[in-house]
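# Examination of the molecular architecture
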Amino acid sequence: MSTFQDADSITRFPVELVTVVFCHLPSFQDVFSLASTCHRVRDVWLENLATIYKCVARASITCEHHARILLADQGGPAPDSEITSVRHVSQMLKNQNAIFKAIREFESQIVSRVKARGHRTEDYYGPGAQRHPPYLTRTERPRFIRSYYHLWGLLMIKDPVKRQARMHSMSLKQLLYLCEISWLPDGMGPGEEVTSSTRDRAVDPESKTEAYQERIQAREALSKEILELTKLTYQHIHGQDMELIWVIAMDEGYSDFLVMWDHWRSSLQDVVCGRRSKEPPYKKYFHWELWEESSDEEV
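Remember, predicted model here, so these are calculated numbers, not experimental data.

Definitions and cut-offs
- Residues numbered from 1 in each chain as written.
- Predicted model: local features only at pLDDT ≥ 70, side-chain atom pairs only at ≥ 80, totals over all residues.
- Heavy atoms only, no water.
- Buried < 20%, exposed > 50% of the residue type's maximum accessible area, 1.4 Å probe, protein only.
- Helix = DSSP H or I, 4+ residues; strand = E, 2+ residues; numbered from the N terminus.
- Arc of directions from axis to C-beta.
- Contact = heavy atoms within 4.5 Å.
- pLDDT = per-residue confidence, 0-100.
- Salt bridge = Lys/Arg side-chain N within 4 Å of Asp/Glu carboxyl O.

Further remarks concern helix 5 (residues 49-60). Within the span of helix 5, buried status applies to L49, A50, I52, Y53, V56, A57 and S60. Looking straight down helix 5, one finds that the buried residues subtend no more than 145° of arc, so they occupy a single side. Exposed positions of helix 5 whose direction lies more than 90 degrees from the buried face are R58 and A59. For helix 5, the secondary structure elements touched by its buried residues are helix 2 (15-23), helix 3 (28-35), helix 4 (39-47), helix 6 (64-73) and helix 7 (86-109).

Structural data, given as structure tokens:
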């Protein structure tokens with residue numbers, strides 16, 4: 001619904017009914033379109049923004065809880081407070097569009113090359129599937145989005161103590177996902193515009209803008225911090241060094257990306273929850289309580 005031919009009749013509705021109409025719209029683009037029809041409808045939107053936001057955000061903002069955390073990192077309201085500003089809604093939509101753009105690049109450059117060798121692909125991607133589909137699945141997509149929000153928020157935190165505190169609050173599974181997101185190719189990270197000119201600059205490092213260089217360097221430095229903390233977390237939990245699982249990623253079709261894929265879920269559970277005894281017969285024990293937090297279906 002992008003146009004509203006019955007705008008004249010809507011203006012005659014009581015405020016409560018106009019609010020209900022707003023709350024049943026499928027996206028904020030539709031909310032903005034309806035609000036632009038006349039001053040009275042716009043005033044209803046502005047005066048009832050918090051209520052309308054809660055209704056529309058459920059379906060319109062993917063991984064909304066993580067989107068709110070990033071908004072707070074950008075100077076917006078606390079994640080558990082009400083959204084009462086159009087500016088904050090617009091900022092969240094801008095953030096989401098940037099992530100969707102990164103997903104399109106990720107699917108084009110990386111996902112389309114994933115092979116899933118040695119896995120029963122039909123079990124994960126449907127009858128007849130012989131490899132990973134050329135797009136993120138409905139469970140991989142929120143994984144990517146949540147991890148991207150995590151990375152973006154960490155890059156926003158300039159205080160190293162606060163940044164470390166945020167990272168230490170994450171589970172081993174979250175850190176493993178975060179490792180991979182931090183290894184995105186240049187141009188896909190937060191604040192790294194993916195344009196033809198950016199790609200041209202990537203060929204010649206000397207021609208990159210200073211701001212672009214700084215963003216790339218900041219992500220590279222953070223990536224090292226994340227990997228080191230992931231290793232330490234694994235060692236603390238399992239009492240042994242973590243094997244660098246990504247050495248086999250090239251077999252999957254693209255280096256550095258492994259735990260993100262649906263067909264690697266059981267192997268990831270093994271990494272996160274499995275602990276092998278140090279003495280014969282070296283039996284492996286599983287601590288399923290480590291497979292925590294949200295389900296992969298949460299959006």
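There is more to say, and it comes next.
It is worth spelling out the confidence of the model for the chain at this point. Here the chain shows a mean pLDDT of 86. Residues at 70 or above account for 82%. In the predicted structure, residues 194-203 sits below a pLDDT of 50 and forms 13 contacts with residues beyond four places in sequence or in another chain.

Counted under the stated rule, the structure contains seven salt bridges. Ionic pairing is found between K54 and E82, a salt bridge with its closest N-O pair at 3.5 Å. Taken together, the residues K54 in helix 5 and E82 in the loop between helix 6 and helix 7 connect sequence positions 28 residues apart. Overall, K54 belongs to the partly exposed group, its relative accessible area being 46%.

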